[in-house]
Each structure stands twice: as C-alpha cells, then as structure tokens.
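Structure assessment
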Amino acid sequence: MPFITYLSGLLTAQMLSDDQLISGVEIHCEEKGRCPSTCHLCRRPGKEQLSPAPVLLEINRVVPLYTLIPDNDTKEAFRGALMSSYWCSGKGDVIEDWCRCDLNAFDENGLPNCSPLPQPVLRLSPSVEPSSTVVSLEWLDVQPAIGTKVSDYILQHKKVDEYTDTDLYTGESLSFADDLLSGLGTSCVAAGRSHGEVPETSLYSVIFKCLEPDGLYKFTLYAVDTRGRHSELSTITLRTACPLVDDSKAEEIADKIYNLYNGYTSGKEQQTAYNTLMEVSASMLFRVQHHYNSHYEKFGDFVWRSEDELGPRKAHLILRRLEKVSSHCSTLLRSAYIQSRTDTMPYLFCRSEEVRPAGMVWYNILKDTKVTFRSRCMDRACL
C-alpha cells in the first residue's frame, strides 16, 4: 500500500470512529512530487499513474531526543549517554564544560584522550593580498564548547629549496601564546585575534612581513591543549609574488652592457660588465637579458655575447643566477610591459596583558587570554 494511501485511510478511520481521537496526533496529507519512473515498488496494481512520493513536511520545533522520554531517570540516563557520545567520544562523562574520561580512555603517554582535539585548518587570509614579501594566514579556533581546552597554537614556517631536506629541516617554530602574543618573537611577524562569522568563535591570524620574493614557503600549524596533547598538522605551501623590478633601470643596464660589449672589450670594460651584472638581483638580471635581446639580438644574443666577451667561467657565474627565478616569474619578466605596485595596508596586532612565568611549562586556556590591540601600517609591493 502506498504511504499516502495508508495515511489517508488512517485519517478516515479516525473520523468515522465514535471514539475520541488519539491525543496529540494530527494527520495532514498533501501530495508533493511523485516517485521516479524507475521505482517499480511505487506503482499501483492495474493503474498507470504513479503514486505520490512521501516528503518531509516543515519542522516547527527542534528538541533534544531525550526530552521525549517521560521517565525522569531514563531521561537523565539517555541525556548523559548522548552528551558523552557527542563530546567525549562515548568514553567519559560531561562535567560542566569538560570531559571526565573513563579509566580505559588514556593514550600511551598517560594523557586522557576521550575528548578529541580537532585539527585546525590553516588558510590564506582573504582580506590581505599576498605580495612579494608579505603573506597573511588565518585559522578558526578549534576549541569546542565542551571538552578539550586549547592552550596554544604552534606555527612552523620554512623556505623550501633544492638544498633543504624538507623532512629533516622543520624550519622556524613560533608559539602563538609565548612568542607572538607576548611580543618576544621577531618583529617580522604580527599576530591578531578577532571574531569569526559566529560571535562565539575566535579567528586567529598571523602576518609574515619579511619573506623573500619569489620564494616557496611551507607553513605548518597544530594545536596544543592544556594537557600537552598535539592535534594533527595542517599544512599550506605557497610561493610569494615576484620581486619588484625597475623596468627603466633594467633597460639602462642593457644599453650599458651592449656598449661595453660593442667593439674591442678591454679588461677594465670586461670587469665593469661582470660587476654590473653580478650586483643586480636575479629578477633584474632576467629583465636585463630580455631588453638586451629585444634591442640587440641581431648582434648576438645575451648569452652568446656574455660568453664571448667575459669567458665561459664568468658568463656561467652570471647566467646560473637566472635559475633562481621561478617559471611563473620568468614568464612575467618576459612580458613586453611590466608595472610594479606598492600600497599601504593598515592592520591590528595583539599583545597579551598576562606575564607567563619564565622557564615553566604554562598551559593556560588561549581563548581566555586578555589581549590589547595596536594599529600599524605596512607597505606591500606587487609586480
């Protein structure tokens, strides 16, 4: 029997009955949609028309499941079981806003682990555009309303290159509470805290202000709770924007190098050309090569002329610096026209009002730390 036919029949039976209607039961039938043609169970025998598909009607009120139980003792036991399952992984009891773990809910280090420590998700800040030296990262606080309490966030960052073993070298490690909020860390990093989309949720942010242009960086974040447990790692890898290049200056250097290479090149002119090309940055050298080949390639390209005038050894020392330029930036530096942009960005950074005892392991709740906010500005440069 189709579901709606059953409901209609039940409603008709109640209306025809002389007995009082069942207390608290109200049946309302309404056709919304039909069963798909592929469903053979929905067809009525002897009729081609498909029976309507049952749909969930509007929900007027949401209540915890245990409130539907009339017996108080059973209701309380059911409530405790639900709270334990949701907040304490079913291995402990909820006491106010924390979990009291069962005796079998301890890890190999003897720490209670019935209340899971969520993994923070590190991401780029959508409000701050990355530049050649500035990157802003943020993450939402993972401390739940009940259970584990987050004491700190550890942020590791390192520059990844061919000379670095990414597994052995972890990079510089910064404690959000001890290094950034206390002001004891480097001046190149600023920490912030604000509210997320939900007022009860904190949004933490870190601005790195002294990164190298066109560099590949790896950032790793994990949370630490008041018992010293670590969460799983959250990692993001990104490349900073291309460095600033003075295009007019690059064209002037290309003209200067052509004049030094033109005709007979004395030892003094060779040394002047070598020093000039070694003093500029790798990205500027790439742009010099572009302008040289654009104007004077008919007299020999930049690589051939450098090897011919300076010799293979000196030319190799100059040209191998071009390998430091990424494929993205090298494509950009080959453009016919480039323009640099520098703007000023205001930002707020936090300082903790609390002084932690030196030389002690101090597990405080990070969310309860009182902070003051200060306003500053910084310049961002983009190519």
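Refer to the preceding data block for the structure.
Quick notes on the rules
Residues numbered from 1 in each chain as written. Predicted model: local features only at pLDDT ≥ 70, side-chain atom pairs only at ≥ 80, totals over all residues. Heavy atoms only, no water. Pairing = 2+ DSSP bridges. Helix = DSSP H or I, 4+ residues; strand = E, 2+ residues; numbered from the N terminus. Buried < 20%, exposed > 50% of the residue type's maximum accessible area, 1.4 Å probe, protein only. Disulfide = S-S within 2.5 Å. Contact = heavy atoms within 4.5 Å. Phe/Tyr/Trp six-rings, centres within 6.5 Å; stacked < 30°, edge-to-face > 60°. Lys NZ or Arg CZ within 6 Å of the ring centre and 35° of its normal. Polar contact = N/O pair within 3.5 Å; in protein donor to acceptor, adjacent residues only side chain to side chain.

**Remarks on the sheet that holds strand β4 (residues 135-140)**
Backbone-to-backbone hydrogen bonds join strands into a sheet, with any given pair of strands oriented parallel or antiparallel. Reading across the sheet, the 4 strands line up as β3-β4-β8-β7 and stay open at both edges, with antiparallel pairing between neighbours. Edge positions in the open sheet fall to β3 (123-124) and β7 (189-195), since each of these has one partner strand only. Pairing analysis gives 2 bridges linking β3 to β4, with the strands arranged antiparallel. What sits directly across from leucine 124, in β4, is leucine 137.

**Brief notes about the pairing of β4**
Extensive coverage of β4 is indicated by the burial of 5 of its 6 residues. As paired strands, β4 and strand β8 (residues 202-208) are joined by 6 bridges and run antiparallel to one another. Paired with leucine 137 across the two strands is valine 206, which belongs to β8.

**Considering the state of the cysteines**
Evaluated as defined, the whole model comprises 4 disulfides. A sulfur-sulfur separation of 2.1 Å characterises the disulfide bridge that pairs cysteine 88 with cysteine 99. Its S-S torsion of approximately -85 degrees makes the covalent link between cysteine 88 and cysteine 99 left-handed. In this pair, cysteine 88 is assigned in the loop between α2 (72-87) and β1 (92-95) and cysteine 99 in strand β2 (residues 98-101), connecting sequence segments 11 residues apart. What makes cysteine 88 buried here is its relative accessible area of 0%. At a sulfur-sulfur separation of 2.0 Å, the disulfide partner of cysteine 242 is cysteine 329. Of note, the bridge from cysteine 242 to cysteine 329 carries an S-S torsion of about -105 degrees and is left-handed in sense. Of this pair, cysteine 242 sits in the loop between β10 (234-239) and α4 (247-261) while cysteine 329 sits in helix α9 (residues 327-333); the two residues are 87 residues apart in sequence, bridging distant segments of the chain. Cysteine 242 sits in the buried class, given a relative accessible area of 4%.

**Section: the environment of leucine 310**
Looking at where leucine 310 falls in the secondary structure, it is placed in helix α7 (residues 302-310). When its relative accessible area of 9% is taken as the criterion, leucine 310 is described as buried. With near-sequence residues (within four places) excluded, leucine 310 lies in contact with Tyr261, Gln270, Ala273, Tyr274 and Ile318.

**A short note on the packing of aromatic side chains**
Counted according to the given criterion, the structure contains 14 aromatic pairs. Here the aromatic rings of tyrosine 258 and tyrosine 296 are separated by 3.9 Å at their centres, their planes lie at 5 degrees, and the arrangement is stacked. Placement of tyrosine 258 in helix α4 and of tyrosine 296 in helix α6 (residues 282-296) is noted, with a sequence separation of 38 residues between them. Ring plane angle 40 degrees and centroid distance 5.7 Å describe the contact between tyrosine 258 and phenylalanine 299, whose orientation is recorded as tilted. Note that tyrosine 258 is positioned in helix α4 and phenylalanine 299 in the loop between α6 and α7, a separation of 41 residues in sequence. The class of tyrosine 258 is buried, set by a relative accessible area of 14%. With relative accessibility at 43%, the residue phenylalanine 299 sits in the partly exposed group. In this structure an aromatic cluster arises from ring pairing among Tyr258, Tyr261, Tyr292, Tyr296, Phe299 and Phe302. Across the ring face of tyrosine 274, the terminal group of lysine 314 is positioned such that the distance to the ring centre comes to 5.2 Å.

**Some points on the environment of lysine 314**
Position of lysine 314 among the secondary structure elements: in helix α8 (residues 312-319). C-alpha separation for the pair lysine 314 and glutamine 270, spaced 44 residues apart in sequence, amounts to 9.9 Å. Each residue touching lysine 314, except ones within four places of it in the same chain, is listed here: Gln271 and Tyr274. A distance of 3.1 Å separates polar atoms of two side chains, one belonging to lysine 314 and the other to glutamine 271.

Nothing here speaks to function; it is geometry throughout.
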